[in-house]
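Chain and residue survey
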Amino acid sequence: MKKFWKIGLAVLFLSGLAGKGFSQTISTHFFGQNAWMPDTIGSASNCVDPPCLLNGKLHQHWQNVKNSGAQIVRFGGITPDKNKPTNYQYIKMIDSIRANGMEPVMQVPFHKYRYSAQEAANIVQYVNITKGRNVKYWVIGNEPDLGYAYTTAAQIAAYIRPFSSAMKNVDPTIKIIGPECAWFNQGIITGLTTPNGPDDITGRDQSGKLYIDVISFHTYPFNGSQTRSQVISKLTSAGGFKDNLAYLNQRVTACNTAHNRTGAAALRTAVTEANINWQNSGADNLYGLGVNSFIGGQFIAEMFGIGMKSGVDFMNIWSVVEGNSVASSIGYIDPGTGNKKPAYHHFKMLADNFKGSYADGTDNQPNVKAFGSKDAQQICVMIMNQDLAANLNYTVRLNTGAVSGSNALKININAGVGAEYSGTIQNQSTTLLVFNAAGVIIRKCEYSLIGNAVNNQPPTCTDYITTGTNEPGTSTVPAASAVFEFKNIFPNPTAGKFTVQISRGPSEEEDFQVQIFNLIGQEVYNKKLTFLDGQEEIELSPAIASGTYILRVKEGSKDNYLVKK
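This one's a predicted model, so the numbers in the text were calculated from it and none came from an experiment.

To continue, consider the overall build of the protein chain. On a plain count of helices and strands, the protein chain comes out with 10 helices and 27 strands. Across the 565 residues in the protein chain, those meeting the buried criterion constitute 56%. When the accessible surface of the protein chain is totalled, it reaches about 22500 Å², and 49% of it is carbon and sulfur.

What follows covers the sheet that holds strand 16 (residues 420-425). Sheet strands pair via backbone hydrogen bonds, and the direction of the pair is either parallel or antiparallel. Spatially, the four strands line up as an open sheet ordered 11-15-14-16, and their pairing is mixed. Since the sheet does not close on itself, it has two edges, and those belong to strand 11 (361-363) and strand 16, each with one partner. Averaged over all pairs of adjacent strands, the angle between their axes in this sheet comes to 20°, without regard to strand direction. Relative to strand 16, strand 14 (residues 392-397) runs antiparallel, the two being bridged by six bridges. Residue L392 lies in a different strand from strand 16, and its bridge partner there is I425.

It is the rolling of a water-molecule-sized probe over the atoms that shows where space remains empty. In this model, the largest pocket occupies a volume close to 760 Å³. Classifying every residue of the lining of the largest pocket by side-chain character gives 16 nonpolar, 11 polar and four charged.

Glancing now at the side chain of Q107. Along the polypeptide, Q107 turns up in strand 4 (residues 103-108). Here R74 takes part through its side chain, which lies 3.5 Å from a polar atom of the side chain of Q107. In contact with Q107, not counting residues within four places along its chain, are R74, F75, G76, G77, P80, D81, Y90, V139, G141 and N142.

What follows concerns the confidence of the model for the protein chain. Where the model shows low pLDDT, its predicted coordinates should not be examined in detail. Overall, the prediction assigns the protein chain a mean pLDDT of 90, with 88% of residues at 70 or greater. Low pLDDT (under 50) marks residues 16-22, which in the prediction has 15 contacts with non-local residues, meaning those over four places away or in another chain. Low pLDDT, under 50, characterises residues 466-482; the stretch is placed with 50 contacts to residues that sit more than four places away or in other chains.

This part takes up the pairing of strand 3 (residues 72-75). Every second residue of strand 3 is oriented toward a common face, with I72 and R74 on one face and V73 and F75 on the other, all of them buried. Note: strand 2 (residues 31-34) against strand 3, three bridges, orientation parallel. Within strand 3, the position partnered with G32 by the bridge is I72. Crossover strand 2 to strand 3 through helix 1 (residues 62-67) is right-handed. One ladder, built from four bridges, connects strand 3 with strand 4; its direction is parallel. If you follow I72 over to strand 4, its bridge partner there is E103.

Let us now look at the pattern of salt bridges. Taken as a whole and judged by the stated rule, the model has 12 salt bridges. The shortest N-O distance in the salt bridge between R74 and E273 comes to 3.0 Å. Of this pair, R74 sits in strand 3 while E273 sits in strand 8 (residues 268-274); the two residues are 199 residues apart in sequence, bridging distant segments of the chain. Each member of the pair, R74 as well as E273, carries the same accessibility label: buried. For the salt bridge of K348 with D352, the shortest nitrogen-to-oxygen distance reads 2.8 Å. Here K348 and its partner D352 are both found in helix 10 (residues 342-353), four residues apart, which amounts to about one turn of the helix. Residue K348 is classed as partly exposed on the basis of its relative accessible area of 28%. Through salt bridges with shared partners, one network takes in R74, E180 and E273.

The rules we used
- Residues numbered from 1 in each chain as written.
- Predicted model: local features only at pLDDT ≥ 70, side-chain atom pairs only at ≥ 80, totals over all residues.
- Heavy atoms only, no water.
- Helix = DSSP H or I, 4+ residues; strand = E, 2+ residues; numbered from the N terminus.
- Buried < 20%, exposed > 50% of the residue type's maximum accessible area, 1.4 Å probe, protein only.
- Areas by Shrake-Rupley, 256 points an atom, 1.4 Å probe, with all protein chains shown as cover.
- Pairing = 2+ DSSP bridges.
- Axes fitted to C-alpha atoms, helices over the stretch in contact; angles between N-to-C directions.
- 1 Å grid on protein atoms, 1.4 Å probe; cavity = no way out; pocket = protein on both sides within 12 Å on 5 of 7 lines; lining within 4 Å.
- Points joined across faces, edges and corners; volume = space filled by probe spheres on them.
- Nonpolar A, V, L, I, M, F, W, Y, C, P; charged D, E, K, R; others polar.
- Polar contact = N/O pair within 3.5 Å; in protein donor to acceptor, adjacent residues only side chain to side chain.
- Contact = heavy atoms within 4.5 Å.
- pLDDT = per-residue confidence, 0-100.
- Right-handed = clockwise from strand over helix to strand, strands pointing away.
- Salt bridge = Lys/Arg side-chain N within 4 Å of Asp/Glu carboxyl O.

Right, dumping it as structure tokens:
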């Protein structure tokens, strides 16, 4: 009969750690979706601007939206701006969103003064006061520079201000979002965010209420005619999404300073509609370059990564399910088959795992994108290989230090932990790595065009329990076989001297082996100790560098038994 040896593990922190290496907090409602398309908007029997009867399939997919990890859902767009939703439709949408654990964002219509500020206030009155739904986020109108053909900030400020004042007179607690430009219309946005300028919407009305709480815009960088090289480079090229958000952040900072907006009153940013294009090529598919494609899903993930890095409060992908042709199918669920597109799976991998603070990523391959996040429990890394042919051996290091080894792909994730992990990523594929706070791999998800997407399969995920080294796929023996229990280590962090406590239980062993490893698996301490009174004091050599280490206590003199996961 094979003997199983109990192993106790702990994470040891030596004082003098380097800086954390991350700072930008990821909003707890960052990952958003658009509630499109519903069955009906407005009065089907008395439609102001047909069609009102849309025959949408949104109601069939609330569980899929919930499962994708969406945290905030916007009900808006062109159609509910042209045709004011009925009271029933507003309440039904709000209740559907909340029933699935998400935050609603409601739009009041404007459409070139078809609807008035008083009508907008009446909607807020009915939803929040009469029906007590207490919806926090409200959007005013939709795409003024497209749907209304407005070309100046003055035209937009002229309706934003009275609408905002009327709505906040009803409920001062709401947050109002605008201007909802159809693209990053820099001229209009500059005018609306010039502190104390004639068209400034970031200040206060005569009663002291703030006009706008969230500055928003939409982004669809392509029209379906894009090339692969454009898709790979667009978001970070000059004047692209990254630069636009940097410019907007400068404007927002100036407005917050000028109007003394701090804390919960600080002006924030949102991208309330986002996708790779507003229409696909008529031949778009998994191998294409649009919303139906694999690289289209990677493009959306990269967009969300830039949004996290830039401190965007929330980003809403457009949309759940829509379209009756390949060109118009720009939801993350296919309307004909019900299949989840690569856009869905990339969104889900991010929404399920990225939290805490953004951790910037850099690498040495032009067709690879990498970025991460970190909180108190885990570090997440997403690696996207957009190359058509190259499979790459990689090493990811969880700080900014030099990456060791000779692998072709070297990645740094600025998470402040001196650990490395190596693997292989296929061409046209995405890998999600999840580490514990000490940098030890605990989960890997691999999602490829050939292996997963073409077979309509979700990412392939493997969970690991580790021995404290970065050896993937190993686990310790189940606790049921234990004859002693690891209890405590203190002080932790330590300057080098600390105490380890265990409960010997019924163990007949005379000694226990204590080992300490750094986060790349190198042993820095190995000694047998008796733990006669249940604890031992350990003093490390001053030559051991400050950092994070794994301490292992092993019963018996034989090697620990490892089980493949």
